[in-house]
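The chain contents come next:
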Amino acid sequence: MTTVYESSIDQSITDVLAVLRTYADEVDRDARFPTESVDALRDAGLLGVGIPREFGGGGATLTDIARISRALGAECASTAMIFVMHQSQVLSIVRHGKSDAMADLQRRIVTDRILVASATTEINIGGDVRSSSCAVEYDGEQITLSRNAPVISYGEYAQIVLATARRSVDSPPSDQVLVVCEKPDVTLVKTGTWDTLGFRGTCSPGFMLDARTTTSNILGDNYGDISAQTMLPVAHVLWGSAWLGIADAAVTKARKSVQKAARKTPGTPPPSALRLAELMVVHEQLVDTVFGAAAKFEAVSESSAELGAIGFALKINNVKVTASTLVIDIVGKALQICGISGYRQDGEMSIGRHLRDAHGSAIMVSNERILGHNAQLSLVYKGK
């Protein structure tokens with residue numbers, strides 16, 4: 001049975017998707033921030049969908065958010081990626097911001113329709129988000145931090161950036177905290193450009209970030225727990241759901257191509273029908289990967305022991321690798337089915353944007369780095 005909440009979300013999504021559909025090609029062509037689409041998300045109240053109802057949010061589960069992300073991904077993958085990265089930060093605040101200041105922040109994210117970005121990578125750290133060279137510096141209750149980030153997706157357009165840093169200048173690189181850095185008390189100096197094959201509208205160049213805030217904007221839990229228990233599992237599930245949306249769009253075009261061919265030979269399925277049947281098998285694997293992982297997270301979401309276990313880390317890392325591998329395979333197969341009409345850039349059957357975005361799934365967050373981490377974990381994992 002569809003609940004009243006689900007129905008309201010479905011109607012909000014219907015309105016938002018029309019906006020994404022209008023601007024997706026322009027956002028991709030110009031590599032520009034999808035202002036109209038993000039404004040539509042704001043107007044629909046979807047930026048605060050994961051915040052508990054007691055703070056004015058939607059109280060959505062991870063599965064709910066994954067459904068939304070999937071729908072967005074089918075229309076504009078850049079907007080979907082912005083949405084899911086925002087949600088991974090918001091849920092980190094929801095689950096680990098245990099102070100009155102963080103409760104107030106959740107209310108403001110809803111009422112002020114705040115977009116939240118993250119700065120968790122750093123120059124000279126080699127992509128290791130669990131290590132920081134920059135540190136929080138204290139002056140009473142006032143704190144400052146400065147980091148050279150190789151990428152901050154949509155950083156220019158977000159009102160808040162969550163940044164990792166060493167707990168203090170005397171702390172080791174692995175003793176990290178997560179700090180809420182809110183504009184205008186944040187200075188971002190661009191250190192690079194963003195002209196990529198896919199996910200062009202995420203606008204993810206490098207920045208030098210300097211922030212001044214107060215100790216109340218340091219999340220209560222250490223970053224290691226935040227990452228293991230929320231940020232990484234949520235990100236992997238929601239990234240996968242956005243990529244599933246890309247796959248949905250490609251499969252839809254492949255199906256239309258086969259149906260068009262079938263109308264020319266009534267009673268005799270065209271050869272491409274078999275290829276479509278094979279494609280649907282792989283597509284279903286991606287559906288099961290994403291929503292199975294969402295259900296697994298929800299089942300153990302209150303158990304820090306299970307979320308922090310090596311076995312869970314391996315499984316959730318595998319979700320990201322599997323989803324990014326499958327979406328590339330699915331879109332490639334859809335292109336083969338669509339043929340020249342999918343290869344062209346100037347028709348409604350074009351697969352070009354989906355193909356370029358799909359490959360970004362394995363590159364923007366490197367599968368090689370994740371597999372390398374899994375290789376280390378597997379050396380000590382005893383299994384069940």
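- Looking up the protein in an unreviewed UniProt entry gives the name Acyl-CoA dehydrogenase family protein, with the organism given as Rhodococcus cerastii.
- Regarding the protein, the relevant UniProt record gives this comment under Sequence similarities (unreviewed entry): "Belongs to the acyl-CoA dehydrogenase family."
- Listed under Cofactor (unreviewed entry) in UniProt, the entry text for the protein is "FAD".

1. Overview of the overall build of the protein
Then, number 1: Assigned secondary structure in the protein consists of 12 helices and seven strands.
Then, number 2: The globule rule puts the C-alpha radius of gyration for 384 residues at 21 Å, and the 21 Å found for the protein is close to it.
Then, number 3: Viewed in the frame of its principal axes, the protein has a C-alpha envelope of about 80 × 50 × 45 Å.
Then, number 4: Looking at the protein as a whole, 53% of its 384 residues qualify as buried.
Then, number 5: For the protein, restricting intrachain contacts to residue pairs at least 6 apart in sequence, the fraction spanning at least 24 positions comes to 76%.
Then, number 6: A total of about 16,900 Å² of accessible surface is found on the protein, and carbon and sulfur atoms cover 53% of it.
Then, number 7: Taken as two groups, the 37 positive and 42 negative side-chain charges of the protein have centres that lie 7 Å from each other.

2. As for a nonpolar patch on the surface
Then, number 1: Among the surface-exposed residues, Ile310, Leu379, Val380 and Tyr381 lie close enough to one another that they form a single nonpolar patch of about 390 Å² accessible area.
Then, number 2: You can see Tyr381 is positioned in the segment after helix 12 (367–378).
Then, number 3: For Tyr381, a relative accessible area of 35% gives the class partly exposed.

3. Brief notes about the environment of Met208
Then, number 1: Structurally, the position occupied by Met208 is in strand 7 (residues 207–214).
Then, number 2: Met208 gets classed as partly exposed once you look at its relative accessible area, which sits at 27%.
Then, number 3: Taking the C-alpha atoms as reference points, Met208 and Val189, 19 residues apart in sequence, are found 5.0 Å from one another.
Then, number 4: In this view, Met208 contacts Ser146, Arg147, Asn148, Thr187, Leu188, Val189 and Thr191; residues no more than four positions away in its chain are not counted.

4. With respect to the sheet that holds strand 7
The strands that make up a sheet are held in pairs by hydrogen bonds between backbone atoms, and each pair lies either parallel or antiparallel.
Then, number 1: An order of 2-3-7-6 is seen for the four strands of this open sheet, with the pairing classed as antiparallel. Lying at the two open borders of the sheet, with one neighbouring strand each, are strand 2 (137–139) and strand 6 (186–190). Neighbour-to-neighbour, the strand axes of the sheet open up by a mean angle of 15°, direction not taken into account.
Then, number 2: Here strand 6 runs beside strand 7; their pairing, made up of five bridges, is antiparallel.

5. Here's the deal with the UniProt feature "domain: Acyl-CoA dehydrogenase/oxidase C-terminal" (unreviewed entry) in the protein
Then, number 1: In the numbering used here, UniProt assigns the "domain: Acyl-CoA dehydrogenase/oxidase C-terminal" (unreviewed entry) feature to residues 228–364.
Then, number 2: A helix fraction of 83% and a strand fraction of 0% characterise residues 228–364, whose end C-alpha atoms lie 20 Å from each other.

6. Some remarks on the packing of helix 3 (residues 62–75) against helix 4 (residues 77–96)
Then, number 1: In contact at an axis separation of 7 Å, helix 3 and helix 4 are set at 160° when each is read in the N-to-C sense. The orientation of helix 3 with respect to helix 4, classified from their angle, is roughly antiparallel. Contact residues: helix 3 offers Leu62, Ile65, Ile68, Ser69, Leu72, Gly73 and Glu75, while helix 4 offers Ala77, Ala80, Phe83, Val84, Gln87 and Leu91.

7. Re the packing of aromatic side chains
Then, number 1: Counted by the stated rule, this structure contains two aromatic pairs.
Then, number 2: With 4.2 Å between their ring centres and 5° between their planes, Phe33 and Tyr157 make a pair best called stacked. Here Phe33, found in the loop between helix 1 (4–30) and helix 2 (35–43), pairs with Tyr157, found in the loop between strand 3 (142–149) and strand 4 (160–166); they are 124 residues apart in sequence, far enough to count as distant.
Then, number 3: For Phe33, a relative accessible area of 7% translates into the label buried.
Then, number 4: When the ring of Trp239 is compared with that of Trp243, the centres are 6.3 Å apart and the planes differ by 15°; the resulting orientation is stacked. Of this pair, Trp239 and Trp243 both sit in helix 6 (residues 223–263), separated by four residues, roughly a single helical turn. Like Trp239, the residue Trp243 is buried in the burial classification.

Quick notes on the rules
Residues numbered from 1 in each chain as written. Predicted model: local features only at pLDDT ≥ 70, side-chain atom pairs only at ≥ 80, totals over all residues. Heavy atoms only, no water. UniProt positions renumbered as here; feature names shortened; annotations may be inferred. Helix = DSSP H or I, 4+ residues; strand = E, 2+ residues; numbered from the N terminus. Rg over C-alpha atoms; globule rule 2.2 N^0.38 Å. Buried < 20%, exposed > 50% of the residue type's maximum accessible area, 1.4 Å probe, protein only. Contact = heavy atoms within 4.5 Å. Areas by Shrake-Rupley, 256 points an atom, 1.4 Å probe, with all protein chains shown as cover. Lys, Arg positive; Asp, Glu negative; His and termini not counted. Charge placed at Lys NZ, Arg CZ, Asp CG, Glu CD. Patch = residues over 30% accessible without salt bridge, like charges linked within 9 Å, V, L, I, M, F, W, Y side chains within 5 Å. Salt bridge = Lys/Arg side-chain N within 4 Å of Asp/Glu carboxyl O. Pairing = 2+ DSSP bridges. Axes fitted to C-alpha atoms, helices over the stretch in contact; angles between N-to-C directions. Parallel < 35°, antiparallel > 145°, perpendicular 65-115°, else oblique. Phe/Tyr/Trp six-rings, centres within 6.5 Å; stacked < 30°, edge-to-face > 60°.

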